[in-house]
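As a plain string of letters, each chain reads:
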Amino acid sequence: MSSNLSDISHDQLAVRRQKLEDMRANGVDPYRSSFCPTHTAKTAVAAYVEGAEDEDQPTVSMAGRLKFIRKMGKAQFVKIQDQSGVIQAYVRIDALGEEAYANFKKLDTGDMIGVEGMLFKTKTGEVTVRAVRYEMVSKALRPLPEKFHGLTDQEQRIRQRHLDLIMNLESRERFFNRSRIVSGIRRFLEERNFLEVETPVFQNIAGGAAARPFVTHHNTLDRDFVLRISLELYLKRLLVGGFDRVYEIGRNFRNEGVSRRHNPEFTMLELYEAYSDYRGMMELIQSLIRYLVKDVLKKDEIKMPDGEVIDFMGEWREAKYKDLVCEKMEDPNWFELSKEAKLEKVRALKLDVKEDWEDYEISNEVFGKLIEPNIIQPTFVTHLPKELCPLAKITQDDPSTIDVFELCIGGMEIAPAYSEQNDPDVQREMFAKQAGEEIQNIDEDFLETLEYGMPPAGGMGVGIDRLAILLTEADGIRDVILYPQLRS
């Protein structure tokens, strides 16, 4: 059931409104300014003392939302849900008194209440609060979705995330785990002496990636800014400034399409380590993800929606980009073919490629559509074409590629990493080749900064949303962002 007015009967709303007015008429505040629980549902259950007599059990006070009410004449069993979970309360007329019990019977599911009482176990072994006092905390004027149908429509769950979090325990746990993942990342990096920093969201030039930016206007300065599409260039400035290990977890904004794995605003982890390279980043990301799976989420394995198990503790494959493309196209000389021959072959595979595409774009379409979606186990795809990123070191024994990897797991890119380009003249040349109206302008300020000297470094970006999809076993990005962008 939706919470939209058109989907809720006027009778339901009228009955709840009348109860609200009755409370006020009887001097009851239906919207308290505070309540001070001593326990959460989880800590209350944990406080029960096994083997102790009822009179020796602790008294607890907790608050939450009524999720279930079972009336039994002069007694009621109710389920109360707070952030930590659900606990049962047992309410009797002889414990509350006739007037208080009569008022309690008028409560609705969805109402938020506080209860106080001693713990006991029911015959079925459920830890329960034997209520001796209750207080109305916040009256719900709209009913919750039906108990057995819940909130099952995917789009409605996203548009009304508050109801999704109330009704779907799986969704609640997924967002708790996302928070644990981010906290775990911070702990891991701090133990390795990385410094967390914050860099500007409003920028003069959209640099560090190839993407269309959002543009905004600052009235006082009377000038346009772009919202950042990447964290990279400001973090590298800090390497020049003498911060050897830096990271930022922040929002990026790209004025592009939405999909199962894309949202216009998304969260990235970017980090840079001086005197390291892309191979140092391999060790770092492997150790980080294993830590998140084993120590943070307490899991032994991660399952894909189709049931396939991902093995993080075994060996992680390493494969060169060119080898994978040649293997897929069944042609060891793929990269020596003419553009026309490449176009003919990929069109035979039903790929939508354009006549004006560059050679590297054709090959990358093969990788993106036919190879990456089928890489399920952790795989470092290395040595990508240099045209795909102007910010990385060129491979010494193959000047057509760069010293990078893309970590692919579960059919998607999770983390790209580079041996960072620190030669200002080579960097200017690579920027100039890529610069154009559709890609990015040259950031002269960044190039000037490089001329002061940047140490060799490894750099890496990790899409937090995609990592959360993977580690929480979600279906897509809208399941791991509380409020993703939707069409109106």
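Described below are features of the structure shown in this document. (Residues numbered from 1 in each chain as written. Predicted model: local features only at pLDDT ≥ 70, side-chain atom pairs only at ≥ 80, totals over all residues. Heavy atoms only, no water.)

Our next topic: the sheet that holds strand β2 (residues 75-82). The strands that make up a sheet are held in pairs by hydrogen bonds between backbone atoms, and each pair lies either parallel or antiparallel. The five strands are arranged β1-β2-β3-β5-β4 in a closed barrel whose pairing can be described as mixed. Neighbouring strand axes in the sheet, compared pairwise and without regard to direction, differ in orientation by 55° on average. As paired strands, β2 and strand β3 (residues 85-92) are joined by eight bridges and run antiparallel to one another. Residue pairing across strands places Asp82 opposite Gly85, the latter belonging to β3. (Pairing = 2+ DSSP bridges. Helix = DSSP H or I, 4+ residues; strand = E, 2+ residues; numbered from the N terminus. Axes fitted to C-alpha atoms, helices over the stretch in contact; angles between N-to-C directions.)

End to end, helix α9 (residues 278-296) covers 25 Å across 19 residues, agreeing with the expected 27 Å (1.5 Å per residue, within 8%). The set of residues buried in α9 consists of Tyr278, Met281, Met282, Leu284, Ile285, Gln286, Leu288, Ile289, Tyr291, Leu292, Val293 and Val296. A side-chain oxygen of the first residue of α9 lies 3.0 Å from the backbone nitrogen of Arg279; this N-cap is Asp277. Immediately beyond the C-terminal end of α9, within one or two residues, lies Lys298, with a positive phi of roughly 60°. (Expected span 1.5 Å × (residues − 1). Buried < 20%, exposed > 50% of the residue type's maximum accessible area, 1.4 Å probe, protein only. Polar contact = N/O pair within 3.5 Å; in protein donor to acceptor, adjacent residues only side chain to side chain.)

This structure, assessed with the given rule, holds zero disulfides. Free of any disulfide, Cys408 has its nearest cysteine sulfur in Cys389, 15 Å distant. Looking at Cys408, the relative accessible area reads 0%, which means it is buried. (Disulfide = S-S within 2.5 Å.)

Turning our attention to the pairing of strand β16 (residues 404-409). Of all six residues in β16, six are buried, a share of seventy percent or more. Here β16 shows two buried faces, one formed by Val404, Glu406 and Cys408 and the other by Phe405, Leu407 and Ile409. Relative to β16, strand β15 (residues 379-382) runs antiparallel, the two sharing four bridges. Across the sheet, Val381 pairs through a bridge with Glu406, a residue of β16. Relative to strand β17 (residues 412-419), β16 is paired through six bridges, and the arrangement is antiparallel.

In this structure, Ile185, Leu269, Ile285, Phe312, Phe405, Met460 and Leu471 are the most contacted members of the largest nonpolar core, which totals 48 residues. Among the secondary structure elements, those contributing two or more residues to this core are α7 (169-191), β10 (245-253), β11 (265-274), α9, β16, β17, β18 (457-463) and α15 (464-471). When residues of this core are assigned to their parent elements, the largest contribution, eleven residues, is made by α9. Excluding residues that lie within four positions of it along the chain, Phe312 makes contacts with Ile289, Arg290, Val293, Ile302, Pro378, Ile409, Leu470 and Leu471. (Core = buried A, V, L, I, M, F, W, Y, C linked by side-chain atoms within 4.5 Å. Contact = heavy atoms within 4.5 Å.)

The tally for this structure, following the rule as stated, stands at 36 salt bridges. Between Arg133 and Glu116 there is a salt bridge, and its shortest N-O distance comes to 2.9 Å. Separated by 17 residues along the polypeptide, Arg133 in strand β5 (residues 127-138) and Glu116 in strand β4 (residues 112-121) bring together distant segments of the chain. Exposure remark for Arg133: the relative accessible area of 33% places this residue in the partly exposed category. Taking relative accessible area as the criterion, Glu116 reaches 25% and is therefore assigned partly exposed. Residue Arg133 is joined to Glu135 by a salt bridge in which the shortest nitrogen-to-oxygen separation is 2.3 Å. Salt bridges sharing common partners tie together Lys19, Asp108, Asp111 and Lys139. (Salt bridge = Lys/Arg side-chain N within 4 Å of Asp/Glu carboxyl O.)

This part covers the packing of α7 against α9. Packing of α7 against α9 brings their axes to within 10 Å, and their N-to-C directions diverge by 130°. Viewed along their axes, α7 and α9 adopt a mutual orientation that is oblique. Read as a crossing pair, α7 and α9 show a hand that is right-handed. Contacts from Arg180, Ile181, Gly184, Ile185, Arg187, Phe188 and Leu189 in α7 reach Leu284, Ser287, Leu288, Tyr291, Leu292 and Val296 in α9. Within the contact of α7 with α9, the residues separate by chemical class into nine nonpolar, two polar and two charged. (Parallel < 35°, antiparallel > 145°, perpendicular 65-115°, else oblique. Left-handed = near helix turned anticlockwise from the far one by under 90°. Nonpolar A, V, L, I, M, F, W, Y, C, P; charged D, E, K, R; others polar.)

Function cannot be inferred from these measures alone, as they are strictly geometric.
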